[in-house]
Amino acid sequence: GAGVSQSPSNKVTEKGKDVELRCDPISGHTALYWYRQRLGQGLEFLIYFQGNSAPDKSGLPSDRFSAERTGESVSTLTIQRTQQEDSAVYLCASSLGGRVAGYNEQFFGPGTRLTVL
Amino acid sequence: EDKVVQSPLSLVVHEGDTVTLNCSYEVTNFRSLLWYKQEKKAPTFLFMLTSSGIEKKSGRLSSILDKKELFSILNITATQTGDSAVYLCAPLTLTQGGSEKLVFGKGTKLTVNP
């Protein structure tokens, strides 16, 4: 497809289990972002990948959260030992990127709704 | 710490009404301000504002930025039920690492009744 895709669309897990969320960005987009949106809240930045540069992990809430991206393609967000407060919609976005003046619009995927019981 | 405050948090109007949504921000290394519309999960882009005082317009929607007062508004005229959504304001900032990051407000939930 032409847009950002994410899988799974919904994930229910038990407290303490690990989960892995996947994001397929738009082809050709070098920048990829992960956000978290808790119920009734705005989007919270988690991590940013730009090409082969070191990712900006400044938004990751704890060391239970990690993300990887292979080149300029798929990214996975892993949450280890999930807690109930991790329940949220996890949104991925991609853009043409580039650390130059000006901005490239971020296109969002449909998100993964994570529920930790 | 970066801060974005949107008001009102929730708004209920009738079709045909005009609404004004507000966004105030305090962020470091401000680059521009974006508005998004979120109906289900994925936010969709509405506007990017970089310069003060220049109104951007798209159909019944318009937006303007005041970089001195750190404020932006989004106007919707002749509202329709399809405008019902959460409207998100997001200043774009530059991190110390040189990456661009959006800082989102909590949003304004607009409900347009027929």
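Residues numbered from 1 in each chain as written. Chains lettered and ligands numbered in written order. Predicted model: local features only at pLDDT ≥ 70, side-chain atom pairs only at ≥ 80, totals over all residues. Heavy atoms only, no water.

Enquirer: Describe the nonpolar core, and please don't skip the residues or the numbers.
Expert: Considering soluble globular proteins, one finds that nonpolar side chains tend to be buried as a cluster. One finds Val4, Leu33, Trp35, Tyr87 and Leu110 of chain B to be the most contacted residues of the largest nonpolar core, which totals 21 residues. Elements represented by at least two residues in this core include exactly strand E3 (19-26), strand E4 (30-38), strand E5 (43-49), strand E7 (61-66), strand E8 (71-76), strand E9 (85-94) and strand E11 (108-113) of chain B. Take this core: its biggest share by element is four residues, from E3 of chain B. Of all hydrophobic cores here, the second largest spans 20 residues; its members include Val4, Leu60, Ala88 and Val116 of chain A. (Core = buried A, V, L, I, M, F, W, Y, C linked by side-chain atoms within 4.5 Å. Buried < 20%, exposed > 50% of the residue type's maximum accessible area, 1.4 Å probe, protein only. Helix = DSSP H or I, 4+ residues; strand = E, 2+ residues; numbered from the N terminus.)

Enquirer: Explain the packing of aromatic side chains to me, and be specific about the residues and the numbers.
Expert: One pair of aromatic rings is described through two measures. These are the centre distance and the angle between the planes. What the rule picks out here adds up to 10 aromatic pairs over all chains. An angle of 70° between the planes, with centres 6.2 Å apart, marks the rings of Tyr35 of chain A and Phe45 of chain A as edge-to-face. Within this pair, whereas Tyr35 of chain A is found in strand E4 (residues 31-37), its partner Phe45 of chain A is found in strand E5 (residues 43-50), the two being separated by 10 residues in sequence. By relative accessible area, Phe45 of chain A is classed as buried at 8%. Aromatic side chains Phe108 of chain A and Tyr36 of chain B sit 5.4 Å apart centroid to centroid with 85° between the ring planes, which places their arrangement in the edge-to-face category. Of this pair, Phe108 of chain A sits in strand E9 (residues 107-108) while Tyr36 of chain B sits in strand E4, on two different chains. Taken individually, Phe108 of chain A and Tyr36 of chain B each receive the classification buried, so the pair is uniform in this respect. Members of the aromatic cluster, each reached through a chain of ring pairs, are Tyr33, Tyr35, Phe45, Tyr48 and Phe108 of chain A together with Tyr36, Phe45 and Phe104 of chain B. (Phe/Tyr/Trp six-rings, centres within 6.5 Å; stacked < 30°, edge-to-face > 60°.)

Enquirer: Pulling in residues and values, what's your account of the sheet that holds strand E7 (residues 75-79) of chain A?
Expert: Residues and elements named next belong to chain A. The sheet built from four strands is open, its strands ordered E1-E3-E7-E6 with antiparallel pairing. The open sheet is flanked by strand E1 (5-7) and strand E6 (65-69), the only strands paired with a single partner. Averaged over all pairs of adjacent strands, the angle between their axes in this sheet comes to 15°, without regard to strand direction. Bridging between E1 and strand E3 (residues 19-24) involves three bridges; their strand directions are antiparallel. Bridge pairing in E3 links Gln6 to Cys23. (Pairing = 2+ DSSP bridges. Axes fitted to C-alpha atoms, helices over the stretch in contact; angles between N-to-C directions.)

Enquirer: Provide a residue-level description of the state of the cysteines, including the pertinent values.
Expert: All names here are of chain A. Under the criterion given, the structure shown has two disulfides over all chains. Disulfide pairing is shown between Cys23 and Cys92; the S-S distance is 1.9 Å. On the sign convention where negative means left-handed, the S-S torsion of about -60° between Cys23 and Cys92 marks this disulfide as left-handed. In this pair, Cys23 sits in strand E3 while Cys92 sits in strand E8 (residues 88-95), placing the two residues 69 residues apart along the sequence. For Cys23, a relative accessible area of 0% gives the class buried. Overall, the relative accessible area of 0% leaves Cys92 in the buried class. (Disulfide = S-S within 2.5 Å.)

Enquirer: An account of the environment of Lys3 of chain B is requested, with residue identities and associated values reported.
Expert: Within the secondary structure, Lys3 of chain B sits in strand E1 (residues 3-7). C-alpha separation for the pair Lys3 of chain B and Val112 of chain B, spaced 109 residues apart in sequence, amounts to 28 Å.

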